[in-house]
Amino acid sequence: MKKLCLLGLFVSLASHQVLAATTPVPLENKDAFISNLMNQMTLDEKIGQLRLISIGPEMPRELIRKEIAAGNIGGTFNSITRPENRPMQDAAMRSRLKIPMFFAYDVIHGHRTIFPIPLALASSWDMDAIGLSGRIAAKEAAADSLDITFAPMVDISRDPRWGRTSEGFGEDTYLVSRIAGVMVKAFQGAGANAADSIMASVKHFALYGAVEGGRDYNVVDMSPVKMYQDYLPPYRAAIDAGAGGVMVALNSINGVPATADTWLMNDLLRKDWGFKGLAVSDHGAIFELIKHGVARDGREAAKLAIKAGIDMSMNDTLYGKELPGLLKSGEIEQQDIDNAVREVLAAKYDMGLFKDPYLRIGKAEDDPADTYAESRLHRADAREVARRSLVLLKNQNETLPLKKTAKIALVGPLAKAPIDMMGSWAAAGRPAQSVTLFDGMNAAMADKATLIYARGASITSDRKVLDYLNFLNFDAPEVVDDPRSAQVLIDEAVKAAKDADVVVAAVGESRGMSHESSSRTDLNIPASQRELIKALKATGKPLVLVLMNGRPLSILEEKDQADAILETWFSGTEGGNAIADVLFGDYNPSGKLPLTFPRSVGQIPTYYNHLSIGRPFTPGKPGNYTSQYFDDTTGPLFPFGYGLSYTDFALSDMALSSTTLNATGKLDASVMVKNTGKRDGETVVQLYIQDVTGSMIRPVKELKNFQKILLKAGEQKVVHFTISEDDLKFYNAQLKYAAEPGKFNVQIGLDSQDVTQQSFELL
Ligand code: BGC
């Protein structure tokens, strides 16, 4: 997906000084094995290990193999098949010390089988489903000879203008942290050294999701308390779950680029958190230290990065060029280089590569005859996970589920959009293998009903936007403009609508609109599609919007125009089938929003767990000097945690086992949940806690636990949550993590706003 450049790929390193081999050390003793190996390495070989290069189709393979055999490259990314990687590993085995290469890739939400985008996975609130997606991604990637992924991406995103919102798990620290741990464990399986596992490298360390204004690569300026309390825990959770690697963020934090931040990388990550793994720079980030304005030149950039503890440099040449000179002049010490080399070798060791460099490459005779073979996909699992990630936002008059015998008009630029179905960062997924909404609905309806299709609109009629989307890193233009005029497209769709019983409109963003460097100034559905929706509404036919997008959209008007709205994000290879399952009621939707939908872009930030304020808004009392925008209704369009079902659930009898809790005790919070409707269904029962008074201002509420439960029609069940002092801890002004005695409100609900509340006292 990414365009790669050859610029300065091959660095001629200083002369080899071959060191004498020492007595071999058994492989079982990791530290001694690595020390022994390092004793034999020349400076050039050491620096070679710190180079991670991107392999593009246009690259001269023979030269690369020569460089590998000379010990000048430690690993690659973007080469993703066994036949591609085997010759490179062969070259490594011809090198003096036979140090294996590793092969990396951005396996973010699936590898060959594409699962829903991370934001959609988070919407499932289903840790088993999310774990399954990660496990399958790892298996497929490992079967394609990959050893490590640059994932999970756990940047908290509270500004949906940021295009990479799609790539993360939403706005909430607790939910994202839970998922971070699940994904790391799923990728690494029985261990990063297992043949069907890949090592996880959590990214982007740190705080990348908080770039100012949601503009990609922009600065981050954040108070230490907010950092510790809200933004750092997901990375920590990934590391505590055993992530072998960390990718360092491109942004600066409070004036220091992460890539040069010794506090972040050494004091926090390694010393405080005890991280012992591999720290990889992001693409070209060491060079960018010059642009940030903290390094005069490449030499200083390399010095800052190695001093900060950046072990591997991704796709720039500065380590190779500058480290020998820096060492010679005494500006860096041998120890700085050795620390980094040790981490790279240790990661390779942990991936099982010293034991067997071909662990994931296997034998040539076992290579898949067809890399893209259908038999290599996990379609059933992808469909199951995808349907669990869809969020029903509106369903007036039971417009959904649709009858399979109905006459349905399917319109919209995303109805037949195999590329968009996959979302961005679609690894090795193939558009041709995506089930579109059109395909999925057709299959579900068999021959029992009629589907009338009309495109209705282009993704956008804004030529500049279109050019931008097609200029992005993609291999071929992927947003195709319809040559017909907007009016002709709309007329055709209106005709289809008039002929039908109900209209399904697949609208939203192309996948490139929610991607790296795809920041937006508004969150509307593009104008061309809004015109279409207006025209469809005017037909008077029931209107179902199927949204495809990688961030919350401000759909204030569309919320009124539509009878039903299903948020489907970008739902992956099996997306069309999964959406059809929900539209026709073969699966009862159970997803919940992992981030708030604002009414308009001007409301941002709208995250639910904001700090308490002195003049909170009082509903129904405009102009009373409280915190609000006077020109619009206060509050979100859809709150965090929100999502409907085809059945109804009622909560009652909330109870706390005690009105007090002591430091070593536990408290039970329970609620009766009843399925009061006519269908079986799942819902997510959410537990929020508010620390009413503290030494610091505390959030109005914070998610502390949740359970996704299945209830048959009419069934009821008491759901229990255990609360202990740990759930009440926070970072105070001195960054001490502790709970403070006093009153706590406990809220339980099926979203973050509609809750019932009880209180207790922490003694
Ligand atoms: C992104 C990373 C990604 C890397 C390699 C960078 O532009 O920020 O998330 O892992 O490219 O593809």
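Quick caveat: nothing in here was measured; it's all calculated off a predicted structure.

By the assigned domains, the chain splits into domain 1 (390-590) and domain 2 (649-762). Each of domain 1 and domain 2 has a C-alpha centre, and these two points are 37 Å apart. Run the count over domain 1 and domain 2 and you get 0 salt bridges. Seen at the junction of domain 1 and domain 2, the total is 4 residue pairs in polar contact (both at pLDDT 80 or more).

With that settled, the discussion passes to the site of the ligand. In the region of the ligand, 14 residues are neighbours, and Asp106, Arg164, Lys203, His204 and Asp282 sit closest. Between the ligand and Arg164 there is a distance of 2.7 Å, counted from an oxygen atom to a side-chain nitrogen or oxygen. Protein coverage of the free-state accessible area of the ligand, which is 310 Å², stands at 98%. In the shell around the ligand, the residues fall into 6 nonpolar, 2 polar and 6 charged.

Packing of helix H17 (residues 437-445) against helix H22 (residues 575-583) brings their axes to within 7 Å, and their N-to-C directions diverge by 50°. For the element pair H17 / H22, the angle class is oblique. Seen from above, H17 lies across H22 with right-handed handedness. The segment H17 lies against H22, with Leu437, Gly440, Met441, Ala443 and Ala444 engaging Gly576, Asn577, Ile579, Ala580 and Leu583. A breakdown of the residues in the contact of H17 with H22 according to their chemical character gives 7 nonpolar, 3 polar and no charged.

The next subject is the sheet that holds strand E25 (residues 742-749). The 5 strands are arranged E18-E26-E25-E20-E21 in an open sheet whose pairing can be described as mixed. This sheet does not close on itself; its edge strands, each paired only once, are strand E18 (660-661) and strand E21 (702-711). Across 2 bridges, the pairing between E18 and strand E26 (residues 755-762) is parallel. Paired with Thr660 across the two strands is Glu761, which belongs to E26.

With that out of the way, let us pick up the side chain of Ser201. Structurally, the position occupied by Ser201 is in strand E5 (residues 199-205). There is a polar contact of 2.6 Å between the side chain of Ser201 and the backbone oxygen of Thr149. Once you skip the residues sitting within four places of it in the chain, Ser201 turns out to touch Ile148, Thr149, Phe150, Ala151, Pro152, Gly245, Val246 and Met247.

Attention now moves to the sheet that holds strand E15 (residues 543-548). Here 6 strands make up an open sheet; going across it, the order is E11-E16-E15-E14-E12-E13 and the pairing mixed. Here the strands that pair on one side only, and so sit at the sheet edges, are strand E11 (391-395) and strand E13 (450-454). In this sheet, adjacent strand axes meet at a mean angle of 20° when their direction is disregarded. With 4 bridges joining them, E11 and strand E16 (residues 564-567) adopt antiparallel strand pairing. Following the sheet pairing, Val391 is matched in E16 by Glu567. Packed on one face of the sheet, H17 meets strand E12 (407-411), E13, strand E14 (502-508) and E15 and runs near 165° to E13.

Moving on to the nonpolar core. Inside soluble globular proteins, nonpolar side chains tend to come together where they are buried. Counting residues in each nonpolar core, the largest one holds 140 residues, and the members touching the most others are Phe205, Leu232 and Leu323. Here this core gathers at least three residues from each of two domains, domain 1 (390-590) and domain 2 (649-762). Judged by nonpolar contacts, the second largest core, of 77 residues, contains Leu414, Ala505, Ile565 and Phe597.

Conventions we followed
Residues numbered from 1 in each chain as written. Predicted model: local features only at pLDDT ≥ 70, side-chain atom pairs only at ≥ 80, totals over all residues. Heavy atoms only, no water. Domains from an automatic or database assignment. Salt bridge = Lys/Arg side-chain N within 4 Å of Asp/Glu carboxyl O. Polar contact = N/O pair within 3.5 Å; in protein donor to acceptor, adjacent residues only side chain to side chain. Near = heavy atom within 4 Å. Areas by Shrake-Rupley, 256 points an atom, 1.4 Å probe, with all protein chains shown as cover. Nonpolar A, V, L, I, M, F, W, Y, C, P; charged D, E, K, R; others polar. Axes fitted to C-alpha atoms, helices over the stretch in contact; angles between N-to-C directions. Helix = DSSP H or I, 4+ residues; strand = E, 2+ residues; numbered from the N terminus. Parallel < 35°, antiparallel > 145°, perpendicular 65-115°, else oblique. Left-handed = near helix turned anticlockwise from the far one by under 90°. Contact = heavy atoms within 4.5 Å. Pairing = 2+ DSSP bridges. Core = buried A, V, L, I, M, F, W, Y, C linked by side-chain atoms within 4.5 Å. Buried < 20%, exposed > 50% of the residue type's maximum accessible area, 1.4 Å probe, protein only.

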